[in-house]
Amino acid sequence: MINDHIKNDRVELVVMQEAKDNASFCGDSYYCITTESYFLCVLADGLGSGEFAFVSSNAVIEVVKKHHDLPLDELIAICNEQLANKRGAAVAIMRVFFDRDEFEIVSVGNIRFFLFLPSEKKLIYPLPVTGFLSGKSKKFKVETYRREKDSKFILFSDGMVVKGVKSKLSEHNISLKCVGEELWSENTAQADDITMIIGSLLQ
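Residues numbered from 1 in each chain as written. Predicted model: local features only at pLDDT ≥ 70, side-chain atom pairs only at ≥ 80, totals over all residues. Heavy atoms only, no water.

**Considering helix 1 (residues 51-67)**
- Taking 1.5 Å of rise per residue, the 17 residues of helix 1 would be expected to cover 24 Å, and the 24 Å separating its terminal C-alpha atoms lies within 8% of that figure.
- Listed as buried for helix 1 are Ala53, Ser56, Ser57, Ala59, Val60, Ile61, Val63 and Val64.
- Close packing links the buried residues of helix 1 with strand 3 (28-34), strand 4 (38-46), helix 2 (72-82) and strand 5 (89-97). (Helix = DSSP H or I, 4+ residues; strand = E, 2+ residues; numbered from the N terminus. Expected span 1.5 Å × (residues − 1). Buried < 20%, exposed > 50% of the residue type's maximum accessible area, 1.4 Å probe, protein only. Contact = heavy atoms within 4.5 Å.)

So this is what it looks like as structure tokens:
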């Protein structure tokens, strides 16, 4: 199951998503944009499931669409403000700069992120800030890493359990679509909204 496949001269992205019990509303929302200077991707997981979870996660997406050029700490702070009086959401935002060798991410809650650097054969998995966005005051931490050609990354919500991440992201002779489908088929999590975003830096 592939819901979205994006490929340009900078990045390739495969997105897979499924609502809990095939419901009308998925509590997870995502958005990606490529500009001349950077690629940005956000994944938001509204608390619970159903319509109200979607309202929270979609509120994050609308903020990012309008303000994606802001520094990540400012961007996620605005997202937090927009979730006041809503159910709340776990959120991860990542940005890859093309004009400098930087890859940054800020994450709050139970969205997981992995980055594989091929030159070092190293898997990076920063721990997110605990909790979730709900309008309450919160400190955010932006992690910065080196941008590297052919690096692969994966973001996924807590409806997904991923095993053998390093071996799959380090595989050279398999397409990103196949990697995504393999990880998806091996998911052992209990029923929940599920979103997985897997990408590769082409430059």
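**Looking at the sheet that holds strand 5**
- Taken together, 5 strands build an open sheet; the order of strands is 3-4-5-6-9 and the sheet is antiparallel. Single-partner strands in this sheet number two, and they are strand 3 and strand 9 (142-146). Each neighbouring strand pair of the sheet contributes to a mean axis angle of 10°, computed without reference to strand direction.
- Sheet analysis places strand 5 next to strand 6 (residues 102-108), joined by 7 bridges and oriented antiparallel. Pairing of Phe97 across the sheet is with Glu102, part of strand 6. (Pairing = 2+ DSSP bridges. Axes fitted to C-alpha atoms, helices over the stretch in contact; angles between N-to-C directions.)

**Remarks on the packing of helix 1 against helix 2**
- Contact geometry of helix 1 with helix 2 gives a least axis separation of 9 Å together with a crossing angle of 140°. When the axes of helix 1 and helix 2 are compared, the pair comes out oblique. Where helix 1 crosses over helix 2, the two elements pack in a sense that is right-handed. From helix 1, Val60, Val63, Val64 and His67 reach across to helix 2, where they touch Leu75, Ile78, Cys79 and Gln82.
- Tallied by class, the residues present in the contact of helix 1 with helix 2 amount to 6 nonpolar, 2 polar and no charged. (Parallel < 35°, antiparallel > 145°, perpendicular 65-115°, else oblique. Left-handed = near helix turned anticlockwise from the far one by under 90°. Nonpolar A, V, L, I, M, F, W, Y, C, P; charged D, E, K, R; others polar.)

**Topic: the nonpolar core**
- Phe39, Met94, Phe103, Phe113, Leu115, Phe153 and Leu155 are the most contacted members of the largest nonpolar core, which totals 24 residues.
- Within the residue set of this core, elements represented by two or more residues are strand 2 (11-18), strand 4, strand 5, strand 6, strand 7 (112-117), strand 10 (152-156) and strand 11 (194-201).
- The leading source of residues in this core is strand 5, at 4 residues.
- Setting aside residues up to four positions removed in sequence, Leu115 forms contacts with Phe103, Lys122, Leu123, Ile124, Tyr145, Ser151, Lys152 and Phe153.
- With 23 residues, the next largest nonpolar core counts Ile33, Leu72, Cys79 and Leu133 among its residues. (Core = buried A, V, L, I, M, F, W, Y, C linked by side-chain atoms within 4.5 Å.)

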